[in-house]
There are 2 protein chains.
Amino acid sequence: MQIAILLYDRFTALDAVGPYDTLSRIPGAETVLVAERTGEHRNDTGTLALTADAALSDVTAPDVLVVPGGPGQAALMDDGPLHDWIRAVDTRTTWTTSVCTGSLILAATGLLKGRRATSHWLALDRLPSHGAEPTGERVVFDGKYVTAAGVSSGIDMGLALAGRIAGDTLAQTVQLGIEYDPRPPYDAGSPEKAPAGITAAMRARSRFVLEG
Amino acid sequence: MQIAILLYDRFTALDAVGPYDTLSRIPGAETVLVAERTGEHRNDTGTLALTADAALSDVTAPDVLVVPGGPGQAALMDDGPLHDWIRAVDTRTTWTTSVCTGSLILAATGLLKGRRATSHWLALDRLPSHGAEPTGERVVFDGKYVTAAGVSSGIDMGLALAGRIAGDTLAQTVQLGIEYDPRPPYDAGSPEKAPAGITAAMRARSRFVLEG
């Protein structure tokens, strides 16, 4: 089973690594970081680089595709070779997935048309223009399309997918292995739970958050 | 403020990226991935590589040091240049921290002697031989030494540290930015919560888990 995680310039590291460190622990899984060009890709802050070991043409039939988010997605919304590749591999995947604003890229390819989906809470209102129906859930399954909310939700998605792919016992084993028993020191992880002033301030600079 | 995150061969990616994507969002923070040699470092499964942009000699006075865990720690337990560097920069840090089995490296340098600390649940019993006192907490503060439990706990640690460094409002802003409102699809994230058979099976192969 091959799991392909897409990289691009100015991705958000945790969007990619949350699914990576859950899905890559499925026995028999081969995980590959793939991008339009091989080599280093810098994240949203520019101080972290992950290596793409494969070019798009090297990955033609992944079982799982993961599209992470990050401000770099804004440069990937136009049709072209990347969209062609996503649509092509989607004909072969068992699961086509995204984290955070990665769902905007998936939606822009047309694959989420008429489907329920989610994204970073600041980006939810951008889904309908691509024909997707935003939901408030943290991880949304619609057929083989799985979208997760902002950044850290990729861990929850990875575990949920691991369960669908390899069963509950394996997914629980992965959860125990990464000791995922979260205890956030604050309860501010959603726009409803965060102090109103913090949510409002972030909404006011949402263009900056989304596009860097 | 400089935040240095140590890389080494066979680290666990989420151990490094959880603290990265919380601490790097502190305004004015400069985050640097540092290792004994610059360039690519492969993780525990070998299918992901992060780049160390700095060598140890390039980083002499970080404000925060983060030592991630991973099976590669087993090769870093002997005294030598890396331990010398950790002890030297520790004289300059405001916070010296670890995630998962990174605490075994810190402990081996002598810095956790007589201190309360934690580690991956499978490695807790290795702390006393280095003079540290294991606790069952997810994130342990003892003076300026902060240790986190297994893998995913680095996110909780990063947020707690962000609060100490930059205040509650900033930490809550980071939490909202990464939409950290966890909803694990299972409740198996600690040895007490996981089904007994899963915990026992993982304990039975703990050497493999810890040393790959």
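Residues numbered from 1 in each chain as written. Chains lettered and ligands numbered in written order. Predicted model: local features only at pLDDT ≥ 70, side-chain atom pairs only at ≥ 80, totals over all residues. Heavy atoms only, no water.

Considering the packing of aromatic side chains
All names here are of chain A. Taken as a whole and judged by the stated rule, the model has two aromatic pairs over all chains. Ring centres of Trp-95 and Phe-141 lie 5.7 Å apart, and the angle between their planes is 90°; this geometry places the pair in the edge-to-face category. Note that Trp-95 is positioned in strand 7 (residues 95–99) and Phe-141 in strand 10 (residues 139–142), a separation of 46 residues in sequence. The buried category is assigned to Trp-95, whose relative accessible area is 12%. The ring of Phe-141 has Arg-164 sitting right over it, with the charged end atom 3.9 Å from the ring centre. (Phe/Tyr/Trp six-rings, centres within 6.5 Å; stacked < 30°, edge-to-face > 60°. Helix = DSSP H or I, 4+ residues; strand = E, 2+ residues; numbered from the N terminus. Buried < 20%, exposed > 50% of the residue type's maximum accessible area, 1.4 Å probe, protein only. Lys NZ or Arg CZ within 6 Å of the ring centre and 35° of its normal.)

Observations concerning helix 1 (residues 13–23) of chain B
Most of helix 1 of chain B is tucked away: 11 of the 11 residues are buried. Turning to helix 1 of chain B, its buried residues number three or more, namely Ala-13, Leu-14, Asp-15, Ala-16, Val-17, Gly-18, Pro-19, Tyr-20, Asp-21, Thr-22 and Leu-23 of chain B.

Thoughts on the interface of chain A and chain B
Opposite the 63 residues of chain A that make contact, chain B presents 63 residues. Considering only the side of chain A, the residues that lose the most area to chain B are Leu-176, Glu-179 and Tyr-186 of chain A, jointly responsible for 15% of the buried surface there. Where chain A touches chain B, the interface holds six salt bridges. Arg-42 of chain A is the salt-bridge partner of Asp-53 of chain B, the closest N and O atoms lying 2.7 Å from each other. Among the secondary structure elements, those contributing two or more residues to the side of chain A that touches chain B are helix 1 (13–23), strand 2 (30–35), strand 3 (39–42), strand 4 (49–52), helix 4 (153–166), helix 5 (168–177) and helix 6 (196–204) of chain A. (Contact = heavy atoms within 4.5 Å. Buried area = accessible area lost by both parts, 1.4 Å probe. Salt bridge = Lys/Arg side-chain N within 4 Å of Asp/Glu carboxyl O.)

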